[in-house]
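# Descriptive structure summary
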Amino acid sequence: LVTLRDRYEADATDTLLERHSAMRISAEQRSGLLDFLLGRCKVCALLVPTQALTSVPPPSPTRLPRPGSGRGSRSPIAPTLLRNLPGTPSGKAAAAAPKAAAAAPTPERKGPSARAARRQLAEEAEDKALAAELVDHLKASAKAQ
């Protein structure tokens, strides 16, 4: 909501929301919540008032799934991608990132390790696409302001 702001209705597609595990915010709630998140107001009707916080039950502890367990887990974002995010590059790390990414070996042999390498490459490509999409939305938001 904060990233898309006035373009939320048009740009918050089901695919985008699903990709970020987000829920659609109804039109009636959107402006009040956005004002609260941007600090334009100190109160939001969607939040429990301070006086009623004692009525909220304490959270019950749960175990987090271990990395790599389950179908939905993904490997961490590759350091080369983090060094190569759009923006103004600076330092040796930014200059070395494209070389390191170009020198990354491609899997040629068959078997479990080759499949894992292909899966990691696919996840890195998806991470890159998500990063590009987020940057596009941020740039559009900055222009709108």
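Here the residue numbers are simple positions, counted from 1 along each chain's written sequence. With the structure being a predicted model, the display of local features is reserved for residues of pLDDT at least 70 and the display and counting of side-chain atom pairs for 80 or more, all residues being used for whole-chain, interface and lining totals. Note: side-chain values were computed over all heavy atoms of the structure, leaving out hydrogens and water.

## Notes on the overall build of the chain
On a plain count of helices and strands, the chain comes out with six helices and zero strands. Seen in sequence order, the chain has helices and strands lined up from the N terminus as α-α-α-α-α-α. Partly exposed residues are those whose accessible area sits between 20% and 50% of the maximum for their type, while under 20% is buried and over 50% is exposed, using a 1.4 Å probe and protein chains only. Burial statistics for the chain: of 145 residues in total, 16% are counted as buried. A separation of at least 24 residues holds for 51% of the contacts in the chain among residues at least 6 apart in sequence. Accessible surface is estimated by sampling points in the Shrake-Rupley manner with a 1.4 Å probe; for residues, cover comes only from the protein chains shown. As displayed, the chain offers around 11,700 Å² of accessible surface, 59% of which is attributable to carbon and sulfur atoms. Strands here mean DSSP runs of E at least two residues long; helices mean DSSP runs of H or I at least four residues long; both are numbered from the N terminus. Contacts: residue pairs with any heavy atoms within 4.5 Å of one another.

## What to know about the pattern of salt bridges
A carboxyl oxygen of Asp or Glu within 4 Å of a side-chain nitrogen of Lys or Arg is what we treat as a salt bridge. If you walk through the whole model with that rule in mind, you get four salt bridges. Residue Glu9 is joined to Arg30 by a salt bridge in which the shortest nitrogen-to-oxygen separation is 2.8 Å. Of this pair, Glu9 sits in helix 1 (residues 8-11) while Arg30 sits in helix 3 (residues 27-37), and the two are 21 residues apart along the sequence. With its nearest N and O atoms 3.0 Å apart, the salt bridge here joins Arg40 to Asp35. For Asp35, a relative accessible area of 26% corresponds to the partly exposed category.

## Focus: the nonpolar core
By nonpolar core is meant a set of buried Ala, Val, Leu, Ile, Met, Phe, Trp, Tyr and Cys residues that side-chain atoms within 4.5 Å join together. Grouped together as the largest cluster of nonpolar side chains are 10 residues: Leu1, Leu4, Tyr8, Ala12, Leu16, Leu17, Ile25, Leu33, Leu34 and Cys44. Secondary structure elements with two or more residues in this core: helix 2 (14-19) and helix 3. Sequence-distant contacts of Leu34, that is, excluding residues within four places in its chain, are made with Leu1, Val2 and Arg5.

## Description of the layout of surface pockets
Buriedness for pockets is judged along seven lines, at least five of which must meet protein on both sides within 12 Å for an open set on the 1 Å grid over protein atoms alone, while cavities are sets there where a 1.4 Å probe fits but cannot get out, and lining residues have an atom within 4 Å of a point. Grid points are joined across faces, edges and corners, and a volume is the space filled by probe spheres set on the points. Each pocket or cavity is described by its volume, and for the second largest pocket that value is around 230 Å³. In terms of lining residues, the second largest pocket is bounded by 15 residues, among which Leu1, Thr3, Leu4, Leu16 and His20 are the most central. Where the lining of the second largest pocket is concerned, the elements lending two or more residues are helix 2 and helix 6 (112-144). In terms of residue count, the dominant contributor to the lining of the second largest pocket is helix 6 (four residues).

## Details of the confidence of the model for the chain
For every residue, the predictor reports its confidence as pLDDT, a number between 0 and 100. Model confidence for the chain is summarised by a mean pLDDT of 76, while 72% of its residues fall at 70 or above. Predicted confidence in the chain is weakest over helix 5 (residues 91-102), with a mean pLDDT of 50, and strongest over helix 3, with 91.

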